[in-house]
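Listed below, chain by chain, are the residues.
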Amino acid sequence: MYDKIPPEAKTHGQLSFPYTVYKGNIPAFFPSYPLHWHDEMELIYISGGQGMITIQSHSYLVKTDDMIIVPPQMIHSIEQYADSQMAYFNILFQFSLLHYSVNDACYEKYFKPLYCHTRLPSLYLNVETELNRLMRPHIMYLIENRKKCDAGDELMVKSNLFAIMHYINQYSTPASGAELSLKNNYDKLKNLLVYIQSNYNRSITVKDAAAICGFSPSHFMKLFKELTGKSFSQYVIDYRLEIAARQLIETTDKIIDLAENVGFHNVSYFTRAFHSKYGETPSAYRNHYII
């Protein structure tokens, strides 16, 4: 279960009604959610506290009543900010829920540009923005009625999603050439993230990583840092630590075995790296989160 991060293999909602609402809390539920992507449109509403959400190469410090729009296939992550906690809701749905087929007028005009990232709104909406104000009643309806969809509430869910998509399209503008170039680079980076997903416990060299993306090693290192905000080696270490943090909470594996399983062959180094990232030793972290 620990290697299902990018891309998400999880089905959100039901095949016949691909829509769901999740309640999240960082770090109570998990310390972070590393870079990943999915086919669903995602709307994130911050219900309390503050945290850090990264979409593509942009990081946003989000606070209560802020919103984040994550179009399909965009790479994003959610992390704790300093010692703060953050409560939030994720609303996820497939565009197929709102259009008849990929050939209908609504799909071509309103959904395809968002899916292909050729036309986009501002992805970060603080509480004072007009789009946040317009969307909020519909977002709150979906959150407050998130458990009613199986009880005949499908039409109201769709009507609120249509309203949200209407406002998003009203406030969208054509993507710039730089944004489209960034998308192309991220599409290549996805191949590497999938590879890391299956091989994070093995040695992965910069040369190997660059070859997977189709770049020279020097260009790859520069581009990877620009796109993720981290060096490749630091990203791999952080990814392993994030997997380890989940295993500490969800398994009873010995720490020495757990470290080996996620790619740390020196338990002392694992302990130092874990403490640097999470502010406590692996054993203290496990005791802190297991009640």
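Since this is a predicted model, take the numbers as computed values, not measurements. (Residues numbered from 1 in each chain as written. Predicted model: local features only at pLDDT ≥ 70, side-chain atom pairs only at ≥ 80, totals over all residues. Heavy atoms only, no water.)

### What about the overall build of the chain?
Part 1 of the reasoning: Helix and strand counts for the chain stand at 10 helices and 10 strands.
Part 2 of the reasoning: Relative to a compact globule of 291 residues, whose C-alpha radius of gyration would be 19 Å, the chain shows 20 Å and is just as compact.
Part 3 of the reasoning: Summarising its shape, the C-alpha atoms of the chain cover approximately 55 × 50 × 35 Å along the three principal directions.
Part 4 of the reasoning: Per-residue burial over the chain gives 49% buried out of 291 residues.
Part 5 of the reasoning: Per element, the accessible surface of the chain, about 14,100 Å² overall, is 52% carbon and sulfur.
Part 6 of the reasoning: Looking at charge distribution, the chain has the averaged site of its 27 positive side-chain charges lying 3 Å from that of its 28 negative ones. (Helix = DSSP H or I, 4+ residues; strand = E, 2+ residues; numbered from the N terminus. Rg over C-alpha atoms; globule rule 2.2 N^0.38 Å. Buried < 20%, exposed > 50% of the residue type's maximum accessible area, 1.4 Å probe, protein only. Areas by Shrake-Rupley, 256 points an atom, 1.4 Å probe, with all protein chains shown as cover. Lys, Arg positive; Asp, Glu negative; His and termini not counted. Charge placed at Lys NZ, Arg CZ, Asp CG, Glu CD.)

### Here we look at the packing of helix α4 (residues 177-199) against helix α5 (residues 206-213)
How two helices pack is summed up by the angle between their axes together with the distance between the axes.
Part 1 of the reasoning: In the contact formed by α4 and α5, the axes pass within 8 Å of each other and the chain directions differ by 130°. Taken as axis vectors, α4 and α5 run oblique relative to one another. Here the hand of the crossing between α4 and α5 comes out right-handed. Across the interface between the two elements, K188, L189, N191, L192 and Y195 from α4 touch A209, I212 and C213 from α5. (Axes fitted to C-alpha atoms, helices over the stretch in contact; angles between N-to-C directions. Parallel < 35°, antiparallel > 145°, perpendicular 65-115°, else oblique. Left-handed = near helix turned anticlockwise from the far one by under 90°. Contact = heavy atoms within 4.5 Å.)

### Observations concerning helix α10 (residues 282-289)
Part 1 of the reasoning: For α10, the set of buried residues is P282, Y285 and R286. Taken down its axis, α10 places every buried residue within 100° of arc, on the same side. For α10, exposure combined with an orientation more than 90 degrees from the buried face picks out N287 and H288.
Part 2 of the reasoning: Among the structural elements, α7 (232-250), α8 (255-261) and α9 (267-278) are those in contact with the buried residues of α10. (Arc of directions from axis to C-beta.)

### A look at the pairing of strand β2 (residues 32-36)
Part 1 of the reasoning: The buried fraction of β2 amounts to five of the five residues, a majority that puts the element mostly inside the structure.
Part 2 of the reasoning: Two elements, β2 and strand β6 (residues 76-80), share three bridges in a ladder whose sense is antiparallel. Its bridge partner being in β6, S32 is matched across the sheet by E79. (Pairing = 2+ DSSP bridges.)

### Things to note about the pattern of salt bridges
Side-chain pairing between opposite charges can occur once the charged atoms of the two side chains come close.
Part 1 of the reasoning: Taken as a whole and assessed by the stated rule, the structure comprises eight salt bridges.
Part 2 of the reasoning: A salt bridge links K190 to D187, with the shortest nitrogen-to-oxygen separation between them at 3.7 Å. With K190 and D187 both in helix α4 and three residues apart, the pair spans about one turn of that helix.
Part 3 of the reasoning: The class of K190 is buried, set by a relative accessible area of 8%.
Part 4 of the reasoning: A salt bridge links K277 to D238; the shortest N-O distance between them is 4.0 Å. Of the two residues, K277 is situated in helix α9 and D238 in helix α7; the sequence distance between them amounts to 39 residues.
Part 5 of the reasoning: Overlapping salt bridges, with partners in common, bring together K230, D238, E242 and K277 in one network. (Salt bridge = Lys/Arg side-chain N within 4 Å of Asp/Glu carboxyl O.)

### Regarding the pairing of strand β7 (residues 86-93)
Part 1 of the reasoning: Counting buried residues along β7, seven of its eight residues qualify, which places the element largely inside the surrounding structure.
Part 2 of the reasoning: Where strand β1 (residues 19-26) and β7 come together, eight bridges link them in antiparallel fashion. Within β7, the position partnered with G24 by the bridge is Y88.
Part 3 of the reasoning: As defined by bridge partners, strand β3 (residues 41-55) adjoins β7 across eight bridges and the pair is classed as antiparallel. By the bridge assignment, L43 is partnered in β7 with I91.

### A word on the packing of aromatic side chains
What describes a pair of aromatic rings is the distance from one ring centre to the other and the angle between the planes of the rings.
Part 1 of the reasoning: Applying the stated rule across the entire model yields 16 aromatic pairs.
Part 2 of the reasoning: Taken together, Y200, F220, F224, F232, Y235 and Y239 form an aromatic cluster joined through their ring pairs.
Part 3 of the reasoning: Between the NZ or CZ atom of R246 and the centre of the ring of Y33, over which it lies, the distance is 4.8 Å. (Phe/Tyr/Trp six-rings, centres within 6.5 Å; stacked < 30°, edge-to-face > 60°. Lys NZ or Arg CZ within 6 Å of the ring centre and 35° of its normal.)

### Details of the side chain of H36
Part 1 of the reasoning: Looking at where H36 falls in the secondary structure, it is placed in strand β2.
Part 2 of the reasoning: When its relative accessible area of 4% is taken as the criterion, H36 is described as buried.
Part 3 of the reasoning: In terms of polar contacts, H36 uses its side chain to reach the backbone carbonyl oxygen of P34, at 2.9 Å. (Polar contact = N/O pair within 3.5 Å; in protein donor to acceptor, adjacent residues only side chain to side chain.)

### Some details on the nonpolar core
Part 1 of the reasoning: With 46 residues, the main nonpolar core has Y19, L43, I91, F93 and M135 as its most contacted residues.
Part 2 of the reasoning: Only β1, β3, β4 (58-63), β5 (67-70), β7, α1 (105-116), α2 (130-144) and α3 (154-170) provide two or more residues apiece to this core. (Core = buried A, V, L, I, M, F, W, Y, C linked by side-chain atoms within 4.5 Å.)

### Digging into α4
Part 1 of the reasoning: Given a rise of 1.5 Å per residue, 23 residues ought to cover 33 Å, and the 34 Å separating the end C-alpha atoms of α4 matches this to within 8%.
Part 2 of the reasoning: Inspection of α4 places N185, Y186, L189, K190, L192, L193, I196, Q197 and N199 among the buried residues, and these make up the whole buried set.
Part 3 of the reasoning: Looking at the buried positions of α4, the neighbouring elements they touch are β2, α5, α6 (217-228) and α7. (Expected span 1.5 Å × (residues − 1).)

### Focus on the confidence of the model for the chain
Part 1 of the reasoning: Overall, the predicted model of the chain reaches an average pLDDT of 89, with 93% of residues at or above 70.
Part 2 of the reasoning: Taken as a whole, residues 1-6 scores under 50 in pLDDT and shows 26 contacts with residues more than four places along the chain or in a different chain. (pLDDT = per-residue confidence, 0-100.)

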